[in-house]
Amino acid sequence: MNFSKTAQRYSGLLDLTLQRARYSLRKRFSQSDEQQILKQYINELVPKQRPGTVVDIGAGNGVRWSNSYALVQEGWNALGIEADPHKYDLLTKVYRRFPHAKACHQRVQPDSITSLLQCFDIDKDFSVLCLDIDGNDYWILDAILSSFRPRLIVTEINEKIPPPLRFAVKYDPAFRLRHHFYGYSIAALEDLCARRGYGILRLEYNNAFIAPVELAGDRFIDVATAYEQGYRNRADRIKRFRLNFDVDVLLTMSPEEGIQFLKEFYAKDAGNYYLGIKPDNIPLYGAELARTLSVEHWSQTIAPATVTSSPPSCPICHSDIESKTLGAATLGDDTVFDLVECESCGTRRLSPLPSAEQLQKFYEPQYYGGDWFKQRGLGSALAQLDLAKRQAGNFLDVGCGLGFFIDGVRTHCNWRVFGVELTPDAVEFARAELGLEVSQGELSELEYPDAFFDYIQMHNVLEHVRDPLSLLKECRRILKPNGALHLRVPNGKIDSRDLLKFFRDRGVPPFSKSGHLFFFPKSALLRMFAEAGLEIAEARTYGIRRGLATLGLWPRFKDWKRHYVAKPFGSNGAKAQITLPPEKTRPLLYYRYRMIRMNARMLPGMREFGLDYQFVLTPK
């Protein structure tokens with residue numbers, strides 16, 4: 001057990017509790033008067049005929065210096081986006097008290113921010129945007145305003161740089177905050193507003209308030225006035241911003257002198273920022289993105305028209321940030337895969353992903369049939385306990401194996417059953433021996449009709465496929481509007497822990513015994529559901545003892561590592577053909593009891609100390 005992380009976690013929870021109590025007593029959560037200013041503008045400019053929605057990018061722990069928490073408390077719909085895993089963990093604990101607030105663990109990028117907001121069903125003209133991520137704020141804001149038109153925006157600027165100096169950090173997907181070097185100046189914000197049909201309402205120290213011209217009318221002020229009233233002439237400015245002492249000389253300089261001073265001041269960051277006096281000194285977002293996506297600067301070697309972007313590093317959140325390598329693993333042959341983690345969404349996966357041929361070889365016949373009688377019994381139990389009580393419909397089992405589960409369903413209710421399976425031998429067995437309607441291949445290849453299935457079961461499949469997001473989207477397409485997807489998937493943080501421990505202890509790639517390609521954390525699952533157009537009707541956690549054992553909080557078998565010793569394909573002690581062990585005869589009541597007992601042992605919600613999650617997902 002990592003005691004330092006545990007101590008950090010509980011220290012963070014204590015700090016959060018104290019912050020919430022302290023800020024509640026003073027009735028203000030924002031750093032200065034942003035909360036009160038925002039409330040004033042909301043009353044004046046935001047329509048009252050619908051629920052308000054606030055999007056907070058760089059939400060932190062949700063409480064400290066938050067411009068949005070007061071709105072969350074008032075019952076607003078809220079989306080808080082935070083990249084730091086520790087702060088995100090605290091944010092989820094804050095938001096769970098509010099049914100209309102959602103937390104997202106994501107490092108936002110200009111090329112994916114609009115799709116992220118669309119995944120969470122954010123309206124085009126949502127009420128309030130709060131933006132404070134210290135680095136790429138300028139490019140994120142410009143990208144959002146290309147597709148959305150929020151009624152009010154409060155965004156942090158770099159207050160050190162007075163107008164008319166235009167300054168912006170160049171887009172850097174892996175930006176790290178450093179002394180005085182971050183964000184963009186208020187003059188750059190004014191140019192962005194002019195392009196997007198917005199204007200500046202006010203500056204509160206280092207937070208600017210802007211709104212669209214069609215709402216604010218004649219309320220706007222020029223950038224020089226905003227800076228003088230909101231920062232430069234504030235009586236307590238020097239006390240509040242003590243660290244700005246070494247750049248306050250800028251306030252006394254001419255624009256040309258200021259340019260030269262900043263070039264010398266930012267000498268270590270030369271080439272990483274834009275600086276000038278004219279609006280065109282900072283390029284439009286499209287040109288800036290092209291610069292970052294080209295292998296070499298297109299201005300030097302490649303014409304702009306030929307610039308193309310490389311595929312996203314992460315197939316789950318589409319981030320272009322290079323994934324971090326944590327270790328290695330094997331599926332049993334000579335191929336060793338990196339075990340990597342996306343720094344944006346936290347998903348871990350094998351890299352590069354195995355080919356379809358490798359996966360088909362992994363699921364050789366010996367993978368199936370060991371518990372065929374159990375599968376048939378549980379299918380019968382599901383039919384008797386659940387399906388027989390409903391109006392008969394179409395049932396699909398994705399990853400049906402040999403088909404014994406849906407065979408059990410079919411014999412105890414009037415539902416029509418279908419199956420999908422990757423391995424040809426398993427499909428042939430299900431068709432020939434059991435007479436089932438089972439199709440071979442990827443679900444998206446089978447072209448089932450839209451809204452065809454009433455019930456789709458996908459148990460422990462999502463982590464095995466090469467494109468899990470597309471699989472969820474296809475399930476949504478073929479699911480009836482009142483249908484349900486019953487999904488089971490491991491908790492990726494727990495599921496990958498022993499693989500990494502084996503690799504670090506032994507120094508050799510472990511055998512991924514279950515063939516898992518992806519290891520999804522809670523936040524990545526929520527993101528995929530939203531992007532696929534599915535919402536959670538029910539979430540539960542099981543495998544509690546196994547999860548606690550993996551975390552070192554419950555006794556475990558001493559020889560657990562033997563399961564991770566690499567072995568070649570087909571060496572699991574079975575013949576390379578489908579062979580069924582003798583049936584263990586059990587009464588049907590036994591399997592009904594097993595299913596009821598398993599459900600009773602599950603905990604409601606997504607508990608991150610459990611090994612597996614179970615969901616009932618419905619179409620949005």
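Please read all numbers here as calculations on a predicted model, not as lab measurements. (Residues numbered from 1 in each chain as written. Predicted model: local features only at pLDDT ≥ 70, side-chain atom pairs only at ≥ 80, totals over all residues. Heavy atoms only, no water.)

Q: Can you tell me about the pattern of salt bridges, naming the residues and giving the values?
A: Under the definition given, this model contains 31 salt bridges. We note a salt bridge from K324 to E341, for which the minimum N-O separation is 4.0 Å. Here E341 lies in strand β11 (residues 336-341) and K324 lies in strand β10 (residues 324-330), a separation of 17 residues in the sequence. Overall, the relative accessible area of 15% leaves E341 in the buried class. Between R527 and E531 there is a salt bridge; the shortest N-O distance is 3.9 Å. Of this pair, R527 and E531 both sit in helix α20 (residues 522-532), four residues apart, roughly one helical turn. For the pair formed by R527 and E531, the shared burial category is buried. (Salt bridge = Lys/Arg side-chain N within 4 Å of Asp/Glu carboxyl O. Helix = DSSP H or I, 4+ residues; strand = E, 2+ residues; numbered from the N terminus. Buried < 20%, exposed > 50% of the residue type's maximum accessible area, 1.4 Å probe, protein only.)

Q: If you had to explain the sheet that holds β10 to someone new, which residues and values would you point to?
A: Sheet architecture is open: four strands sit in the order β10-β11-β12-β18, paired in antiparallel fashion. Here the strands that pair on one side only, and so sit at the sheet edges, are β10 and β18 (518-519). Examined bridge by bridge, β11 and strand β12 (residues 348-351) share four bridges and lie antiparallel to one another. For E341, the partnering residue across the bridge sits in β12 and is R348. Sheet contacts for helix α19 (residues 497-506): β10, β11, β12 and β18; angle to β10, the most-contacted strand, approximately 85°. (Pairing = 2+ DSSP bridges. Contact = heavy atoms within 4.5 Å. Axes fitted to C-alpha atoms, helices over the stretch in contact; angles between N-to-C directions.)

Q: Can you break down the side chain of Q109 residue by residue, with the values?
A: With respect to the element layout, Q109 can be found in the loop between β3 (101-105) and α5 (113-119). A relative accessible area of 2% means that Q109 is categorised as buried. Discounting residues that sit within four places of it in the chain, Q109 has contacts with N136, I140, Y171, P173 and I321.

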